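Analysis of the macromolecular model
Residue-level listing of the chains:
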Amino acid sequence: MTNHSEAAGTSGNGDISGRDGHGEGSGRDGHGEDRAVGGADGAGRGADGVPCAEHQVTLRTPAELADALPYLLGYRPEDSIVLVALHDRDGRGRFGGRARLGIPGNADDWPAVAEQLAQGLIKGSERRGAPVESMVAFLCQDPKDNESGWEVMERLRPLAQLLRTACGVLDVPVVEALCITDNRFWSYCCPSEECCPSGGTPMGLPGTSVLAAAATYAGLQVRGTLRELRSRLSPWETAAALEQESALNAVSMALIPRILDDESRADVAAQTLELADRVMRRFADAPPLSGMLPADLRDDELLAHDEAATLILGLQDRTTRDSAAEWMEGDEAGPALRLWRALARRCVGAYGEHAAAPLTLAGWVAWSSGDELEAREALAMALGADPGYLFARLLHQACNEGLDPESIRRCLRKERTDRSGATAGAQASVSSAPRAGADGPPGHTPTPSTRTAFRRRRTRSTGSSGSHPSRRSTGPGGTRRPRPAAESPTAAEGRGRVGDSTSSASRPRRGAGRRETRSDT
């Protein structure tokens, strides 16, 4: 069985995952013992949705629950509230949906956050036919300002109590609540000094538990922290950032007027996509490197400042962005994801809002490739760069609700096929046209300039007699140019499910010493 939980208001710092499995639990017994059996879900998938064999591991103590948390999420949480649902199966519990949210810095926000997470996870599970019998809560936060681990645990105790109360109001008991900090853990539910001493219990070495061994055998991997993942998508904070911003300023002066001009807008789109394809091939041809940081640094070296600036500004056009979203699967997905990450890192200084486009593309490709963790983080960061970016908001909601991205992929494939067919038809029309009177008499060899003029005349003369097609409908060489947003839904919209509903009217935006336009909200 697979349950997809949801909670409202998680954009920017939330994580909703609904993959059932990874464990079964029966709650606490009379000795303060938690029993859980780890395993894959009914679909045979692990934390990342990767197919794996059925494996079960019994979790008997709070220590084993604490060690299991990274395997439940697929990464090591920081500064997080995590709720994990337990479902009943044959008298034993099974780990279900998970909900994560950053711990608010203001304690006044804790009651609302506790209620929000509890209702989102419990009600969402009920709507999907998987009622929650009990819950496990985790509070994860590193010490601040010379705090000890014990002081962190005590400071967060009211939050733990609010979570227990919020779940209890919905008739779902919290069978264990753990605080993980300073490489130790404390239980808010177990009063036994022998089982859970007041000084905390040291966490075991990562990867040394029975669950870690079983997860490795099943092919499950635990990433680093969310901070490390976000660093791959965050703007540079080095001296090179000044050079990149200068390149963005220079390119914007030349490119923005062309995007604003209906005559040249299609040319800019074509040139942007051609450059993106060229850089992707460059990335694909580079030898693979192990480790996220070395790989990202090498990609940064392969992408020049002016190329990055041209791509960042070109992707602000909605039709260009939607065409770029078609690089979502197969051999194209990997280089495309690397390119979108690299561009997000180049949105420095006054161009922070421009990161919404590459971050959304990164989130889309990650989701399409089955990496829901990076997808959620990238889309949340896109909304942080531009809260009104509708494409990112709808993709984030769809990913959080566990929808299948295949419906969007089908729309994008159709758009790509239709566009390729239109281009092939236009080229066939040109090649079969008579040459007399345009290129010259039969037997005359036209010059390149004459041939170009002929193509232009043939394109403009296409259609019924006495009428002329709009210049907006054709581009260089007679190819059909992308339609404005107001004329038809984009491929990514999936007929209203995912995409932007705003028109493509350009509007000026803020930015020191630069002009900007975007056809997206």
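Residues numbered from 1 in each chain as written. Predicted model: local features only at pLDDT ≥ 70, side-chain atom pairs only at ≥ 80, totals over all residues. Heavy atoms only, no water.

1. Digging into the overall build of the chain
Each helix and strand in the chain was counted, giving 16 helices and 10 strands. Considering the chain as a whole, with its 521 residues, one finds that 51% of them fall into the buried category. Across the chain, every contact between residues at least 6 apart in sequence was considered, and the portion connecting residues at least 24 apart equals 67%. Put simply, the chain shows about 23100 Å² of open surface, and 52% of that area lies on carbon and sulfur atoms. (Helix = DSSP H or I, 4+ residues; strand = E, 2+ residues; numbered from the N terminus. Buried < 20%, exposed > 50% of the residue type's maximum accessible area, 1.4 Å probe, protein only. Contact = heavy atoms within 4.5 Å. Areas by Shrake-Rupley, 256 points an atom, 1.4 Å probe, with all protein chains shown as cover.)

2. Comments concerning the nonpolar core
Core analysis: the biggest nonpolar cluster contains 62 residues, and Leu 303, Leu 311, Leu 339, Trp 340, Leu 343, Trp 364 and Trp 367 have the highest contact counts within it. Of all the secondary structure elements, the ones that give two or more residues to this core are α6 (240-260), α7 (262-285), α9 (305-314), α11 (333-345), α12 (356-368), α13 (372-385), α14 (390-400) and α15 (406-431). In terms of residue count, the dominant contributor to this core is α12 (nine residues). Leaving out residues up to four positions away in the same chain, Leu 343 has contacts with Leu 303, Ala 308, Leu 311, Ile 312, Leu 315 and Pro 358. (Core = buried A, V, L, I, M, F, W, Y, C linked by side-chain atoms within 4.5 Å.)

3. Regarding the packing of aromatic side chains
Under the defined criterion, the tally for this structure stands at two aromatic pairs. Ring geometry for Trp 327 against Trp 340: centres 6.3 Å apart, planes inclined by 25°, an arrangement best described as stacked. Of this pair, Trp 327 sits in the loop between α10 (318-324) and α11 while Trp 340 sits in helix α11; the two residues are 13 residues apart in sequence, bridging distant segments of the chain. Each member of the pair, Trp 327 as well as Trp 340, carries the same accessibility label: buried. Between Trp 364 and Trp 367, the ring centres sit 5.9 Å apart and the planes meet at 75°, which makes this aromatic pair edge-to-face. Highlighted residues: Trp 364 and Trp 367, both in helix α12, separated by three residues, approximately one helical turn. (Phe/Tyr/Trp six-rings, centres within 6.5 Å; stacked < 30°, edge-to-face > 60°.)

4. As for the confidence of the model for the chain
In this model, the chain carries an average pLDDT of 75, and 67% of its residues clear a pLDDT of 70 or more. Every residue in residues 1-53 is under pLDDT 50, and counting partners more than four places away or in other chains gives 191 contacts. The model gives residues 433-521 a pLDDT under 50, and that stretch makes 147 contacts with residues more than four places away or in other chains. (pLDDT = per-residue confidence, 0-100.)

5. Quick word on the pairing of strand β8 (residues 174-181)
Buried residues dominate β8, accounting for eight of its eight residues. Across six bridges, strand β7 (residues 134-140) lies against β8 in parallel orientation. Residue pairing for β8: Leu 139 is matched across the bridge by Cys 179. Crossover handedness for the path β7 to helix α3 (residues 149-169) to β8: right-handed. Where β8 lies against strand β9 (residues 184-187), four bridges are found, and the strand directions are antiparallel. Residue pairing in the sheet places Thr 181 in a bridge with Arg 184 of β9. Counting the residues that bridge the hairpin from β8 to β9 gives two residues, and of these Asp 182 lies at a positive phi of roughly 55°. (Pairing = 2+ DSSP bridges. Right-handed = clockwise from strand over helix to strand, strands pointing away.)

6. Observations concerning the pattern of salt bridges
For the coordinates displayed, the defined rule picks out 22 salt bridges. Across the pair Asp 317 and Arg 265 runs a salt bridge, and its minimum N-O distance is 2.4 Å. Of this pair, Asp 317 sits in the loop between α9 and α10 while Arg 265 sits in helix α7, and the two are 52 residues apart along the sequence. Classification of Arg 265 by relative accessible area gives buried; the value is 12%. With a closest N to O distance of 2.7 Å, Arg 321 and Asp 322 form a salt bridge. Just as Arg 321 is buried, Asp 322 falls in that class too. Salt bridges sharing partners connect three or more residues here, namely Arg 232, Asp 296, Asp 300 and Arg 345. (Salt bridge = Lys/Arg side-chain N within 4 Å of Asp/Glu carboxyl O.)

7. Looking at the side chain of Ser 368
Residue placement: Ser 368 occurs in helix α12. Among the residues examined, Ser 368 registers a relative accessible area of 12% and is labelled buried. Polar side-chain contacts of Ser 368 include one of 3.0 Å to the backbone oxygen of Met 328. Look past the residues within four positions of Ser 368 in its chain and what remains in contact with it is Met 328, Pro 405 and Arg 409. (Polar contact = N/O pair within 3.5 Å; in protein donor to acceptor, adjacent residues only side chain to side chain.)

8. Quick word on the pairing of β9
Within a regular strand, the side chains alternate between the two sheet faces. In this sheet, strand β10 (residues 201-202) lies alongside β9 in antiparallel orientation, the contact comprising two bridges. When the bridges of β10 are listed, Phe 185 appears paired with Thr 201.

9. Concerning the side chain of Arg 98
For Arg 98, the position within the fold is in strand β6 (residues 92-102). Engagement of the side chain of Arg 98 in a polar contact is seen with the backbone oxygen of Leu 72, the distance being 3.0 Å.

10. Observations regarding the packing of α11 against α12
It is at 8 Å that the axes of α11 and α12 come closest, and there the two elements cross at 150°. When the interaxial angle is binned, α11 and α12 end up roughly antiparallel. As for how α11 packs across α12, the hand of that crossing is left-handed. Note on element contacts: α12 touches α11 through Pro 358, Leu 359, Leu 361, Ala 362, Val 365 and Ala 366, opposite Ala 333, Leu 337, Trp 340, Leu 343 and Ala 344. Residue composition of the contact of α11 with α12, by class: 11 nonpolar, no polar and no charged. (Axes fitted to C-alpha atoms, helices over the stretch in contact; angles between N-to-C directions. Parallel < 35°, antiparallel > 145°, perpendicular 65-115°, else oblique. Left-handed = near helix turned anticlockwise from the far one by under 90°. Nonpolar A, V, L, I, M, F, W, Y, C, P; charged D, E, K, R; others polar.)

11. Re the environment of Gln 397
Looking at the secondary structure, you find Gln 397 in helix α14. Residue Gln 397 is classed as partly exposed on the basis of its relative accessible area, which comes to 41%. When the C-alpha positions of Gln 397 and Leu 379 are compared, they lie 9.4 Å apart, and in sequence the two are 18 residues distant.

12. A few points about the packing of α7 against α11
Between α7 and α11, whose axes approach to 9 Å, the crossing angle comes to 110°. When the axis of α7 is compared with that of α11, the two are roughly perpendicular. On α11, the residues that touch Ala 276, Val 279, Met 280, Phe 283 and Ala 284 of α7 are Pro 335, Ala 336, Arg 338 and Leu 339. Looking at the contact of α7 with α11, its residues break down into eight nonpolar, no polar and one charged.

13. With respect to unusual backbone geometry
Phi is mostly negative for residues that are not glycine, and the peptide bonds are mostly trans. For Asp 145, which is not a glycine, the phi torsion comes out positive at approximately 50°. Positionally, Asp 145 belongs in the loop between β7 and α3. Judged by relative accessible area, which is 76%, Asp 145 ranks as exposed. A positive phi is found at Asn 146, a non-glycine position, where the angle reads about 65°. Structurally, the position occupied by Asn 146 is in the loop between β7 and α3. By relative accessible area, which is 81% here, Asn 146 ends up exposed.

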